[in-house]
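Understanding the architecture of this molecule
Chain residues, written in single-letter form:
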Amino acid sequence: MEKANTYDLSVILPVYNESANLYLLYDELIKNLDIVKSIEIIFVNDGSTDESISIIKSLAKKDNRVKYIDLSRNFGQQIALIAGIHKAQGNRIVIMDCDLQDPPSLIPELYKKMDEGYDVVYAKRSKRKGESIFKTLTAKLFYRILSKLTRCKIPVDTGDFRIISRKVADVLIQMKEQQKFFRGQVAWIGLNQTYVEFERNKRQQGKTGYSVKKMWRFAIDGITSFSDFPLKFATYLGFVVSFVAFVLMMWALYQRFIAKEYVQGWTSLILSILFIGGIQLISLGIIGEYISRIGNNVKDRPLYIIKETNIDEEKK
Ligand code: UDP
Ligand code: MG
């Protein structure tokens, strides 16, 4: 394709307040990338509020393989990495975190595995080290629920750390949805996919950029982008509740007119009103979630705004 062949490999790293990790990360990358002839390392600065961007710029100054895309604000890791894919000019693309939880030493293995004829080689976490029980549990639960709800097989216990071919990158660029859920999109594409296992280290320095709020948003985006089960769930629930209500109605009529044993059913009345009210609100909420996604996609805004980049557009 038109952008291919400029480099053998592009490495894309979304960066959000990672100043304490960047030098070490860069050293590790350089150490492990000598198996590949020509590379570019693309840092996508996702609105960091620390020194990250100036560190990246200083790396770029002394090494012209270092590229950066400085986004206008914090757009979230998923959008940051797509911004990187849009600009990448490599035949193959590695996507990884820059807190060294995804070890650069695994890149050669990913790269070689691809030679066996794969379009995607993802890195599967056999162990997660040094993460809170909360994080590990919610992650496990999320992966399991997601794989139950979606039809395309999104691999469990796998983050975004992976290598993809130019072909996959080009399809990703064509996928215009606003709510990005990278690993779901890659699973949806299909082609030849495989994995290698690794032990996920603990974050080198700094703290996670994923607050509980961001994790929640990420989970909802993942589920609603790749499954309409929640939307259908409202309908199933409606049927079940209606059925129960019908049975209760029959019973109430029987009590009133045949058994003639009726009481001032205040409790049951209140309970059923609350019950139905709850169900209705949940269902409305689910519908609202999908409608807001339609709204966002109809607006068709650009996904992100670039403040500054040193990537040479001419070459494309
Ligand atoms: N990140 C980002 N934007 C954000 C949050 C995180 O670009 O809003 C980057 C972050 O710098 C890191 C990667 O995404 O390279 C994964 O984030 P983090 O390590 O905070 O997530 P965790 O490993 O805790 O899930
Ligand atoms: Mg991390």
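As the structure is a computational prediction, the values presented were derived from the model and not from experiment. (Residues numbered from 1 in each chain as written. Chains lettered and ligands numbered in written order. Predicted model: local features only at pLDDT ≥ 70, side-chain atom pairs only at ≥ 80, totals over all residues. Heavy atoms only, no water.)

This part covers the site of ligand 1. In the region of ligand 1, 19 residues are neighbours, and D46, D99, Q101, T208 and G209 sit closest. Taking K214, its side chain carries an N or O atom lying 2.8 Å from an oxygen atom of ligand 1. Within the complex, 95% of the 530 Å² of free accessible area of ligand 1 lies under protein. Taken together, the residues of the shell around ligand 1 break down into five nonpolar, six polar and eight charged. (Near = heavy atom within 4 Å. Polar contact = N/O pair within 3.5 Å; in protein donor to acceptor, adjacent residues only side chain to side chain. Areas by Shrake-Rupley, 256 points an atom, 1.4 Å probe, with all protein chains shown as cover. Nonpolar A, V, L, I, M, F, W, Y, C, P; charged D, E, K, R; others polar.)

The sheet built from eight strands is open, its strands ordered 7-5-6-4-1-2-3-8 with mixed pairing. Pairing within the sheet leaves two strands with one partner each, and these edge strands are strand 7 (193-200) and strand 8 (306-309). Averaged over all pairs of adjacent strands, the angle between their axes in this sheet comes to 20 degrees, without regard to strand direction. Relative to strand 6 (residues 158-165), strand 5 (residues 120-128) runs antiparallel, the two sharing four bridges. Its bridge partner lying in strand 6, V121 is registered against I163. Most of the contacts of helix 4 (residues 107-114) go to strand 6, to which it runs at about 50 degrees, and overall it touches strand 1 (7-15), strand 4 (90-95), strand 5, strand 6 and strand 7. Sheet contacts for helix 7 (residues 182-189): strand 4, strand 5, strand 6 and strand 7; angle to strand 6, the most-contacted strand, approximately 45 degrees. (Pairing = 2+ DSSP bridges. Helix = DSSP H or I, 4+ residues; strand = E, 2+ residues; numbered from the N terminus. Axes fitted to C-alpha atoms, helices over the stretch in contact; angles between N-to-C directions. Contact = heavy atoms within 4.5 Å.)

Moving on: the coordination of the magnesium ion (ligand 2). Around the magnesium ion (ligand 2), the protein supplies D99 (OD) and Q101 (OE1) as donor atoms, at distances of 1.9 to 2.0 Å. Like D99, the residue Q101 is buried in the burial classification. (Donors = N, O, S within 2.8 Å, 3.2 Å for Na, K, Ca; no water. Buried < 20%, exposed > 50% of the residue type's maximum accessible area, 1.4 Å probe, protein only.)

Running from amino to carboxyl end, helix 1 (residues 22-32) crosses helix 2 (residues 52-62) at an angle of 35 degrees, the nearest separation of the two axes being 10 Å. Relative to helix 2, helix 1 is oriented so that their crossing is right-handed. Two secondary-structure elements touch here, helix 1 through L22, Y23 and Y26 and helix 2 through S52, I55, I56, S58, L59 and K62. Class assignment for the residues of the contact of helix 1 with helix 2 results in six nonpolar, two polar and one charged. (Left-handed = near helix turned anticlockwise from the far one by under 90°.)

Per the stated rule, a full pass over the model turns up seven aromatic pairs. When the centroid spacing of 5.7 Å and the interplanar angle of 25 degrees are considered together, the rings of Y122 and Y195 count as stacked. In this pair, Y122 is assigned in strand 5 and Y195 in strand 7, connecting sequence segments 73 residues apart. Exposure remark for Y122: the relative accessible area of 11% places this residue in the buried category. Residue classification places Y195 among the partly exposed positions, given a relative accessible area of 40%. Seen in terms of ring centroids, F142 and F218 are 5.9 Å apart; in terms of plane orientation they differ by 50 degrees. Their pairing is tilted. Placement of the pair is F142 in helix 5 (residues 133-149) and F218 in helix 8 (residues 212-226), with a sequence separation of 76 residues. Of the aromatic side chains, those joined through ring pairs into one cluster are F142, Y143, F181, Y210 and F218. The side chain of K124 reaches across the aromatic face of Y195, ending 5.5 Å from its centre. Over the face of the ring belonging to Y16 we find K214, whose NZ or CZ atom lies 4.2 Å from the ring centre. (Phe/Tyr/Trp six-rings, centres within 6.5 Å; stacked < 30°, edge-to-face > 60°. Lys NZ or Arg CZ within 6 Å of the ring centre and 35° of its normal.)

So, about the side chain of N21. Residue placement: N21 occurs in the loop between strand 1 and helix 1. Classification of N21 as buried rests on a relative accessible area of 1%. In this structure, N21 is in contact with C98, D99, L100, R203, Q204 and Q205, ignoring residues within four places of it in sequence.

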